[in-house]
Amino acid sequence: MKDLFQASKVLLLDLASTLLFLGVYVATGNLFLAVGLGMALGLAQIGWQLFHKEPVEALQWLSLLIILASGSATFLTDDPLFVMLKPTVIYVIVGLVMLKRGWMNRYLPPIARATVPDLGITFGYVWAGLMFFSAILNIVLALALDVTSWAAVKSVWAIGSKVGLFGIQYAIMKSTGIRRARAMMAS
């Protein structure tokens with residue numbers, strides 16, 4: 001259970017800017033406030049890590065770059081369709097980064113890296129697939145729904161799909177890891 005909480009903590013920290021944006025936007029309907037706070041949190045997180053001389057992973061740098069670029073573009077365009085289509089580009093870019101073999105190792109506890117490293121690699125590609133599917137889904141939603149409906153559906157999908165995949169991955173990796181560890185001990 002400790003490993004689940006550790007992995008959840010890292011994932012939540014990586015998604016914190018997005019979650020803050022979604023929460024503020026859904027609660028207030030103020031796009032500029034939500035974008036501004038998301039950008040500020042992204043900068044603060046990276047600044048904190050740099051100040052404490054902690055490593056900043058490639059996915060974190062990419063996330064910050066995307067937050068700053070898309071947030072700035074949102075302020076400049078003030079176009080609802082642009083705002084709704086913008087996550088499509090983000091999903092594709094993140095999906096492409098997630099195609100890097102072994103990117104998920106950062107999220108795995110030592111025991112998982114020892115017993116199920118192959119599943120970590122496989123699920124890294126599954127996560128990339130989720131990003132690409134989310135990009136396609138976002139285009140469909142952006143073209144079919146008004147801004148408020150899009151934000152509601154998008155919020156549920158963005159969080160629900162990631163939590164769901166995380167739960168499936170954890171259950172499969174945990175059960176397979178236990179089975180493999182027992183087999184190793186029996187040999």
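Note: the structure precedes this text.
Here goes a summary of the coordinates provided. Source: prediction; values computed, not measured. (Residues numbered from 1 in each chain as written. Predicted model: local features only at pLDDT ≥ 70, side-chain atom pairs only at ≥ 80, totals over all residues. Heavy atoms only, no water.)

**Quick word on the packing of helix 4 (residues 80-98) against helix 7 (residues 147-186)**
Now for step 1: Following both chains from N to C, one finds helix 4 and helix 7 inclined at 20°, their axes separated by 10 Å at the closest point. By the angle class used here, helix 4 and helix 7 are roughly parallel. In this structure, helix 4 crosses over helix 7, and the sense of that crossing is left-handed. Within the contact between the two elements, helix 4 uses P80, V83, M84, P87 and Y91 and helix 7 uses V147, W150, K154, A158 and K162. (Axes fitted to C-alpha atoms, helices over the stretch in contact; angles between N-to-C directions. Helix = DSSP H or I, 4+ residues; strand = E, 2+ residues; numbered from the N terminus. Parallel < 35°, antiparallel > 145°, perpendicular 65-115°, else oblique. Left-handed = near helix turned anticlockwise from the far one by under 90°. Contact = heavy atoms within 4.5 Å.)

**Some thoughts on the packing of helix 4 against helix 6 (residues 117-144)**
Now for step 1: Between helix 4 and helix 6, the shortest axis-to-axis distance is 8 Å and the interhelical angle comes to 165°. Considered as vectors, helix 4 and helix 6 are oriented roughly antiparallel to each other. Crossing of helix 4 over helix 6 shows left-handed handedness. Contact residues: helix 4 offers L81, M84, L85, P87, T88, Y91, V92, V94, G95, L96 and M98, while helix 6 offers G124, Y125, W127, A128, M131, F132, S134, A135, N138, I139, A142 and L143.
Now for step 2: Partitioning the contact of helix 4 with helix 6 into residue classes produces 18 nonpolar, 5 polar and no charged. (Nonpolar A, V, L, I, M, F, W, Y, C, P; charged D, E, K, R; others polar.)

**Side note on helix 4**
Now for step 1: Counted at 1.5 Å a residue, the expected span for helix 4 with its 19 residues is 27 Å, and the 28 Å between its end C-alpha atoms agrees.
Now for step 2: Looking at helix 4, one finds that the buried residues are V83, M84, K86, P87, T88, Y91, V94, G95 and M98. (Expected span 1.5 Å × (residues − 1). Buried < 20%, exposed > 50% of the residue type's maximum accessible area, 1.4 Å probe, protein only.)

**Notes on the nonpolar core**
Now for step 1: Of all hydrophobic cores here, the largest spans 23 residues; its most connected members are M98, M104, F123, W127 and M131.
Now for step 2: Listing elements by their share of this core, those giving two or more residues are helix 3 (58-77), helix 4, helix 6 and helix 7.
Now for step 3: Ranked by residues supplied to this core, first place goes to helix 6 with 7 residues.
Now for step 4: Beyond its immediate sequence surroundings of up to four residues, W127 is in contact with M98, W103, M104, K162, L165, F166 and Q169.
Now for step 5: V35, M84, L141 and W150 belong to the second-largest nonpolar core, a separate cluster that totals 13 residues. (Core = buried A, V, L, I, M, F, W, Y, C linked by side-chain atoms within 4.5 Å.)

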